[in-house]
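Topology and contacts: notes
One letter stands for each residue in the lines below.
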2 protein chains.
Amino acid sequence: MEKLKKYMSVKDEDHFYHQGAVELLIFNFLLILTILTIWLFKNHRFRFLHETGGAMLYGLVMGLIIRYVTKSPDVESGTVYECEKLKSGPSTLLINITNQVYEYQYKREISHHNVNGHQGNAMLQKMTFDPSIFFNILLPPIIFHAGYSLKKRHFFRNLGSILTYAFLGTAISCIVIGLIMYGFVKAMVHIGQLKQWEFHFTDCLFFGSLMSATDPVTVLAIFHELNVDTDLYTLLFGESVLNDAVAIVLTHSISIYSPKENPNAFDAAAFFQSVGNFLGIFAGSFAMGSSYAVVTALISFMHLTKFTKLCEFPMLETGLFFLLSWSAFLSAEAAGLTGIVAVLFCGVTQAHYTYNNLSPDSKMRTKQLFEFMNFLAENVIFCYMGLALFTFQNHIFNPLFIFGALVAVFVARASNIYPLSFLLNLGRKQKIPRNFQHMMMFSGLRGAIAFALAIRDTNSQPQQMMFSTALLMVFFTVWVFGGGTTPMLTWLQIRVGVDPDEDLKAKAASQSASNLDKNTTKAESAWLFRMWYGFDHKYLKPLLTHTGPPLTSTLPEWCNPVARLLTSPSAYGDPLKDGDTVYIINNDELTENYDSSAHLPVPAQDSTGSIQATGKEDIQEGDLGLGGYKLQLQHTAGQPQKNSLA
Amino acid sequence: MEKLKKYMSVKDEDHFYHQGAVELLIFNFLLILTILTIWLFKNHRFRFLHETGGAMLYGLVMGLIIRYVTKSPDVESGTVYECEKLKSGPSTLLINITNQVYEYQYKREISHHNVNGHQGNAMLQKMTFDPSIFFNILLPPIIFHAGYSLKKRHFFRNLGSILTYAFLGTAISCIVIGLIMYGFVKAMVHIGQLKQWEFHFTDCLFFGSLMSATDPVTVLAIFHELNVDTDLYTLLFGESVLNDAVAIVLTHSISIYSPKENPNAFDAAAFFQSVGNFLGIFAGSFAMGSSYAVVTALISFMHLTKFTKLCEFPMLETGLFFLLSWSAFLSAEAAGLTGIVAVLFCGVTQAHYTYNNLSPDSKMRTKQLFEFMNFLAENVIFCYMGLALFTFQNHIFNPLFIFGALVAVFVARASNIYPLSFLLNLGRKQKIPRNFQHMMMFSGLRGAIAFALAIRDTNSQPQQMMFSTALLMVFFTVWVFGGGTTPMLTWLQIRVGVDPDEDLKAKAASQSASNLDKNTTKAESAWLFRMWYGFDHKYLKPLLTHTGPPLTSTLPEWCNPVARLLTSPSAYGDPLKDGDTVYIINNDELTENYDSSAHLPVPAQDSTGSIQATGKEDIQEGDLGLGGYKLQLQHTAGQPQKNSLA
């Protein structure tokens, strides 16, 4: 008997290890399938199903197989046991069963209605992994990559519009969805579909905030592949990146918001507290992310006496860069802030300062590493979304609620894009045309963030219904709108095959050292940003990178000893290096718009791939946007693209 | 009340997420510290504490802090509850506590003696992570990287010796440790230290097999940095790589071995079954790993009509390469074989075939990716080992057992190296000198694999004692022997600063198209390997890569239609490409020893970093050995190294 038990234990153990391997193998298998499919699609220039849509489809099929092929072997799991001795749920439970102690780990508190027949299927349970893996491991690389690969020149030119869409637009979207859903919930109560449990207005707002996180990854990939108009691309990309951050903080604030007495009544104090929370969390996360990036920049910039610079060891540099950026996320989470926002701004700041200090080897390494992690994480999430439709065990699909969500999402997107575009066009010199507005309306896809926010807590019935609905919305928008992007572009007659540096070239060609352009560019942006760039160029860039004028020339004279200490030797000194610096400054995509249009660069057509290029090369690389797609699509991009659309 | 509970639940949830972030943050922090320390050490040419030793030290300090600073908040966790209703432990337990259902997940079966006071410290528990993470996630990249970066030329020249040390040596070591430990255990029983529980001979053998896995990562890093004699490096590296595989399979076989009646008696049938198991698992894992690599080679080689080759999309190619290699590991584990062995041979095969098919971009990407993953995984494991000394809650330190292990490990290493070296020197043309033998004896460090094997199951008391002892042995060998490597090299008067291609250059310089070298090289290796290389060069390489002679010329004439289909267009055709192929063949580090010594390359000193180099560059890159260290150390390697030793 003793022997048998020991044997059994070894068997279990083995079984356990293989299980872990099997689950990972399933994901690997799905990802391999996805990659092969992408390859196939790329060969056939098939753009109606993006890789993420494919990943989702494969996940769906796999989920179906797991759900209906694997059996529930564990009959006892569905039973609820009474335990009168305990007062609350301890984190570890030791249970003596037939004289053998078993250790059980606390997983979650579940509602009575969740105790259903599927409870015991170990395979299903293993496949539904911990939401904290999403937040701590899969999302950070995606968001960081978005920040790191921001097309800064175009981004900052459209910053005002992007911020308006992201902050104001997301708030509008959240409120509109919340209100419409509240109407539908009231109707459901009226019909009698929501008898047993409550669905508060805060729940509706919560749903509104999570459904406001747009994720047009499919659309952006197609835009990039077809070289769609850069301003449209930047507007959409910038909006979606910042909008995620806003939606996440909004969701967090709403979940904290708790009116004292009646959850349906409007409590002004609690509301303002929520707004305060929102601002506090956003600012705190921003500060956390940027400061980690500044620390990285300082470390990679350090030139202590007798110390070899870190850039002599690309592996250490890459490692430090990776770990500090991830730490920005984790510290923010640990401090009760929003990691996603922190890691986003960490990415932006890293790209702006640290990137310039990295060795050429590390520049390549970091870019490829984050690209690769982004690619994997994205496809894992979309596979998992497919899987979740069948493996998640507590779905609540309510047709009315789903229909309501569909309506709400479209109304909310429309009341975000059109009114704001109208307002923005009043102030913008370069108007946002009608067809761009329609395209932005059409590109309101929902993706990873909405899913991740919905899966974070699925214990109560309202939460389960919201999760199931959010999942369906992701499927619907990714497949229908993602697939419809190319026809829509043709229909709206949006330019494709645009050279992103077209405007620069035009400027360079037309100008003859006149300051005409300088003025027009300046007029486009607000004075606040001009001030910031002046400060950044004069003080921060020289302090944190090897570029910019030496601090000795920008700081007042009495600061000279300190300035000399803090300036990189490469920033001044011998005339050759000085010339180099001027060159770099003039090529800087930020500076060129605000300070020194007299030296606007004419991007050489053959400059890509040359290793000798110093500052220019780096900045152009930093300006790649979705670098991953660029690299993947290098080949196809060289071939006539317009034909394939016609 | 209802509200309070809801509020509590949200709090818990939040707390939970932050916990996950805090744990990861601790590891990030330790790794950042480690990287900064490595940087410091590299600047000061400090070689007495390797990065892994540093990582372990930081882990130790952090473990100490976590252990004694964080309190056990969960008083109820130490209590064992009775549950008469259950017959066995279900995978999920639903428990009704004060009318609220909590879900608990099965973690493990624990012995009564493990229920101690530390049980409830949630922080300690969170920090001791699942051993399956080691096996499924952290180890594969390390082992794959070892296989992928094998210095093939030197490895195959010493293959006989390496195989002898790895297979015969590990078996000897396992048996010697097992016997000595059995003696100590008997003594302990005699003294009365082992009264309550049994310690079988199979347990001793199990300990022997896990302690036989050497991991001289510290020594090899220093060897690489100082450019120690390549043959010594290769012997040690090859031995340690294969020896891990052997030790793992051995451990697995011993844990399966279960004599029917008396566990101390020698059961011939069970023994032979174990040997059979060993051979079967080894061969199966080898086949699994190689076949995944062959599939990768075929996919990356595919040149279907109308299909763009996969190498046009470096990201997809890298992704596929990564996923298929990891799948080799996971499939082997899922099939009940040994993943480590599979992934090792997958790495070797990938380097031999697939690497040649990759685009230049993917070659860089894969190498840097695996290097980076290896670097991170290695340091995580060593940090974790440091942590485990204080966070693992069921240590059993027995001075006599630890002393016994120390003695056993040294006696076993001696009875592995010296007798086998003596035997090998009888057959070797180029003898293994005395000082090399001493250095190999000295380099018998224990590391990640021994630890991972010991932590895999720590439920019974013998297992706990073995785990605690193994952990101490890792600390001792890494710090004492790792730190003593440089003085030992000086003391043993082993050459440093050796150019790994010295022998090639000497050959190239001395020969004038004579076949002298060819014969001596041939004499060094057995006929079996010559046959294999003939086959590989004539059939496998042309089939799986773009190199080698066209199959049409190597296969019999009647196979021509098939051969033409299977051969890459680049393997024959226009004279220019043909010349290229010949060049590649002649530069192949395997081929050059066996087939075409007439065209031996003279490695150009300035060839590194040039992008134009076609086949040659790739192969030289493939021959970098521990590429990561090479890259890290590029700078220091350029400076006079011998002085720092004197």
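Residues numbered from 1 in each chain as written. Chains lettered and ligands numbered in written order. Predicted model: local features only at pLDDT ≥ 70, side-chain atom pairs only at ≥ 80, totals over all residues. Heavy atoms only, no water.

Time to look at the overall build of chain A. Along its length, chain A carries 28 helices and 3 strands. Buried residues in chain A amount to 61% of all 646 residues. Counted over contacts in chain A with a minimum sequence separation of 6, partners at least 24 positions apart contribute 81%. For chain A, the exposed surface amounts to about 25300 Å²; the carbon and sulfur share of it is 66%. (Helix = DSSP H or I, 4+ residues; strand = E, 2+ residues; numbered from the N terminus. Buried < 20%, exposed > 50% of the residue type's maximum accessible area, 1.4 Å probe, protein only. Contact = heavy atoms within 4.5 Å. Areas by Shrake-Rupley, 256 points an atom, 1.4 Å probe, with all protein chains shown as cover.)

Phe436(B), Gln437(B), Met439(B), Met440(B), Met441(B) and Phe442(B) are the residues of helix α15 (residues 434-442) of chain B that are buried. Along its buried surface, α15(B) packs onto α6 (159-191), α8 (217-226), α9 (230-256), α14 (399-427), α17 (461-483) and α18 (485-491) of chain B.

All right, on to the side chain of Asp215(A) then. All names here are of chain A. Secondary-structure assignment places Asp215 in the loop between α7 (201-211) and α8 (217-226). Among buried Asp, Glu, Lys and Arg side chains, Asp215 stands out as unpaired, with Arg446 the closest opposite charge at 9.9 Å. A polar contact is formed between the side chain of Asp215 and the backbone nitrogen of Ala448, at a distance of 3.1 Å. (Lys, Arg positive; Asp, Glu negative; His and termini not counted. Salt bridge = Lys/Arg side-chain N within 4 Å of Asp/Glu carboxyl O. Polar contact = N/O pair within 3.5 Å; in protein donor to acceptor, adjacent residues only side chain to side chain.)

In this section: the packing of aromatic side chains. Any aromatic ring pair is given by two values, namely how distant the centres are and how the planes are angled relative to each other. Residues and elements named next belong to chain A. The tally for this structure, following the rule as stated, stands at 52 aromatic pairs over all chains. Summarising the aromatic geometry, the rings of Phe184 and Phe403 are spaced 6.1 Å apart at their centres and angled 75° between planes, so their arrangement reads as edge-to-face. Within this pair, whereas Phe184 is found in helix α6 (residues 159-191), its partner Phe403 is found in helix α14 (residues 399-427), the two being separated by 219 residues in sequence. What makes Phe184 buried here is its relative accessible area of 17%. (Phe/Tyr/Trp six-rings, centres within 6.5 Å; stacked < 30°, edge-to-face > 60°.)

Applying the stated criterion across every chain yields a total of 8 salt bridges over all chains. Of the charged contacts in the structure, one is a salt bridge between Arg456(B) and Glu333(B), with a shortest N-O distance of 3.6 Å. Note that Arg456(B) is positioned in the loop between α16 (448-455) and α17 and Glu333(B) in helix α11 (residues 314-334), a separation of 123 residues in sequence. A network of salt bridges, in which partner residues are shared, links Asp361(A), Arg365(A) and Glu371(B).

Within the secondary structure, Asp244(A) is located in helix α9 (residues 230-256). Although Asp244(A) lies buried, it forms no salt bridge, and the closest oppositely charged side chain, Arg446(A), sits 9.0 Å away as judged by the N-O distance.

Quick look at the state of the cysteines now. Think of a disulfide as a covalent bridge from one cysteine sulfur atom to another cysteine sulfur atom. By the definition in use, this model includes 0 disulfides over all chains. Free of any disulfide, Cys174(A) has its nearest cysteine sulfur in Cys204(A), 11 Å distant. (Disulfide = S-S within 2.5 Å.)

A word on a nonpolar patch on the surface. Where nonpolar side chains cluster on the molecular surface, the patch consists of Phe271(A), Phe272(A), Val275(A) and Leu279(A) and spans about 390 Å² of accessible area. Mapped onto the secondary structure, Phe272(A) falls in helix α10 (residues 268-301). (Patch = residues over 30% accessible without salt bridge, like charges linked within 9 Å, V, L, I, M, F, W, Y side chains within 5 Å.)

Moving on, we get to the environment of Val341(A). Residue and element names in this part refer to chain A. Within the secondary structure, Val341 sits in helix α12 (residues 339-357). In sequence terms Val341 and Leu194 are 147 residues apart; their C-alpha atoms lie 36 Å from each other. Contacts of Val341, omitting those with residues within four sequence positions, involve Ala245, Val249, Phe282, Ser285 and Phe286.

For the rest of this paragraph, the subject is helix α2 (residues 51-69) of chain A. End to end, α2(A) covers 26 Å across 19 residues, agreeing with the expected 27 Å (1.5 Å per residue, within 8%). Within the span of α2(A), buried status applies to Glu51(A), Thr52(A), Gly53(A), Gly54(A), Ala55(A), Met56(A), Gly59(A), Leu60(A), Met62(A), Gly63(A), Ile66(A) and Arg67(A). (Expected span 1.5 Å × (residues − 1).)

So, about the packing of helix α4 (residues 131-148) of chain B against α11(B). The packing of two helices is summarised by the inter-axis angle and the distance between the axes. Residues and elements named next belong to chain B. Axis separation between α4 and α11 bottoms out at 10 Å; the angle between their running directions is 115°. Relative to α11, the crossing made by α4 is right-handed. Where α4 abuts α11, its residues Phe135, Asn136, Ile137, Pro140, Phe144 and Tyr148 lie against Phe321, Ser325, Trp326, Phe329, Leu330 and Glu333. In terms of residue class, the contact of α4 with α11 is made up of 9 nonpolar, 2 polar and 1 charged. (Axes fitted to C-alpha atoms, helices over the stretch in contact; angles between N-to-C directions. Left-handed = near helix turned anticlockwise from the far one by under 90°. Nonpolar A, V, L, I, M, F, W, Y, C, P; charged D, E, K, R; others polar.)

A few words now on unusual backbone geometry. Residues and elements named next belong to chain A. Positioned with a positive phi, Gln493 is a non-glycine residue whose angle comes to about 55°. Structurally, Gln493 is set in the loop between α18 (485-491) and α19 (502-510). For Gln493, a relative accessible area of 68% translates into the label exposed.

Our focus in this paragraph is the packing of helix α4 (residues 131-148) of chain A against α12(A). Residues and elements named next belong to chain A. Across the interface, α4 lies against α12 with an axial gap of 7 Å and an inter-helix angle of 40°. Considered as vectors, α4 and α12 are oriented oblique to each other. Crossing angle aside, the handedness with which α4 passes α12 is right-handed. The segment α4 lies against α12, with Leu139, Pro140, Ile143, Phe144, Gly147 and Tyr148 engaging Ile340, Val343, Leu344, Cys346, Gly347, Val348, Gln350, Ala351 and Tyr355. (Parallel < 35°, antiparallel > 145°, perpendicular 65-115°, else oblique.)

Close reading of the predicted structure is inappropriate where its pLDDT is low. Residues and elements named next belong to chain A. Residues with a pLDDT of 70 or more make up 64% of chain A, whose mean pLDDT is 73. Within chain A, no element has a lower average pLDDT than helix α27 (residues 627-637), which sits at 35, and none a higher one than α14, at 91. This stretch, residues 512-524, has a pLDDT under 50; its non-local contacts, to residues over four places away or in other chains, come to 11 contacts. (pLDDT = per-residue confidence, 0-100.)

Glancing now at the environment of Trp326(A). Among the secondary structure elements, Trp326(A) is positioned in helix α11 (residues 314-334). When its relative accessible area of 18% is taken as the criterion, Trp326(A) is described as buried. Along the primary structure Trp326(A) and Phe46(A) are separated by 280 residues, whereas in three dimensions their C-alpha atoms are 35 Å apart. For Trp326(A), the residues in contact, after removing those within four places along its chain, are Asn136(A), Ile137(A), Pro140(A), Leu24(B) and Asn28(B).

Turning to the environment of Thr296(B), a few remarks are in order. Residues and elements named next belong to chain B. Tracing the backbone shows Thr296 in helix α10 (residues 268-301). Sequence separation of Thr296 and Thr70 is 226 residues, and the distance between their C-alpha atoms is 48 Å. Ignoring any residue separated from it by four or fewer positions in sequence, one finds Thr296 in contact with Phe321, Leu324, Gln350 and Thr354.

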